[in-house]
Each structure stands twice: as C-alpha cells, then as structure tokens.
Amino acid sequence: MGSDIPAGFRPYSEPSPFIDRVGPLYQRQEGQELVFGLRVIAHHCNRRGFAHGGVIMSLADIALGKTGEWTGGQAVSLLTASITVDLLGIANLNDWLVAHTDFFTIGRQVAFANCYVRVEGRPIARASAVFNVRRHETPDTPA
C-alpha cells in the first residue's frame, strides 16, 4: 500500500497537539457510522518496523470517544475512564488502519463502547471503553 488515503476519508476535524503527533488521522461517515483511519507512517513504527501498540490504542480511544460524542444524539463530551485494548495482530509500514465502533450506550453519567481496528478487513485490535459523560447545556436544556 502507498501513502494514498481511501476515498471518502478527510482529515480529522478536531486536531489537537496530541493528535498532531500521533496522526495524521482521518474520518469518514458511512451511513450512521463514523469511521476513523490512519496510514502507518515511519513515526508510528517501533524499532521492529511495525506500528507501535500505543498508536493503535490511541486510534481506538479517539474513535470510541468521538463516535459517541458525534453520533449519540446528545450534546456531551466523553472522558475516557477505562479502556481495554487487545492487540490481535500487527500493522506494517504503509498499512491503512480503520477503526469501526460497533456498540455504544450513553447513560446519564457513564457511556460504554466497543470497536475493532482492522487492516484490509483483518482485525488487529479489539477495544472496550468506559467513559464519564459530561453534558453540555443547550438552549433547550432546562435550568
């Protein structure tokens, strides 16, 4: 695979100093689902030449939290309270990583989510997270 970005993916819309170092990160809307992608480049790799587990974990954490914030239908920020990531395989230099969130529940104080990170359809990580929910007041929110 080269450095090309698959069709429909655009740069992540909420950059931060951390994501600037971990990225570049991409996003794509697929129906109701928000999908995150990352091309493995040299600064993502460990000394063995494949993606560092921390990069994969960061992608999963961002995908889980942002999917909940953007598609949950509520004005909330989700703050990671706990995340468990099982690394099932490796991603090589130039591989395209895709993170799909497949389950999400947002309660009053806590949210739960799961996702898989895949390379060419092959799962390389499974993540499960718990988030603290911080609600935002909106104009229709009663005081």
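Here is what the cut-offs are and how they apply
- Residues numbered from 1 in each chain as written.
- Predicted model: local features only at pLDDT ≥ 70, side-chain atom pairs only at ≥ 80, totals over all residues.
- Heavy atoms only, no water.
- Pairing = 2+ DSSP bridges.
- Helix = DSSP H or I, 4+ residues; strand = E, 2+ residues; numbered from the N terminus.

(A) Summary view of the sheet that holds strand β5 (residues 96-106). Taking strand neighbours across the sheet as the criterion, the seven strands line up as β1-β2-β3-β5-β6-β7-β4 in an open arrangement whose pairing is antiparallel. For this open sheet the edge positions go to β1 (10-11) and β4 (76-87), each flanked by a neighbour on one side alone. Here β5 pairs with strand β6 (residues 110-119) via nine bridges, running antiparallel. Bridge pairing links Phe103 to Asn114 in β6.

(B) Spotlight on the pairing of strand β7 (residues 122-135). In this sheet, β7 lies alongside β4 in antiparallel orientation, the contact comprising eleven bridges. The residue bridging Ile83 from the neighbouring strand is Ala129, located in β7. Both β6 and β7 contribute to a ladder of ten bridges, which runs antiparallel. Each bridged residue has a counterpart across the sheet, and for Asn114 the counterpart in β7 is Ser128. Connecting β6 to the antiparallel partner β7 that follows it, the hairpin turn spans two residues, and Glu120 within it adopts a positive phi of roughly 50°.

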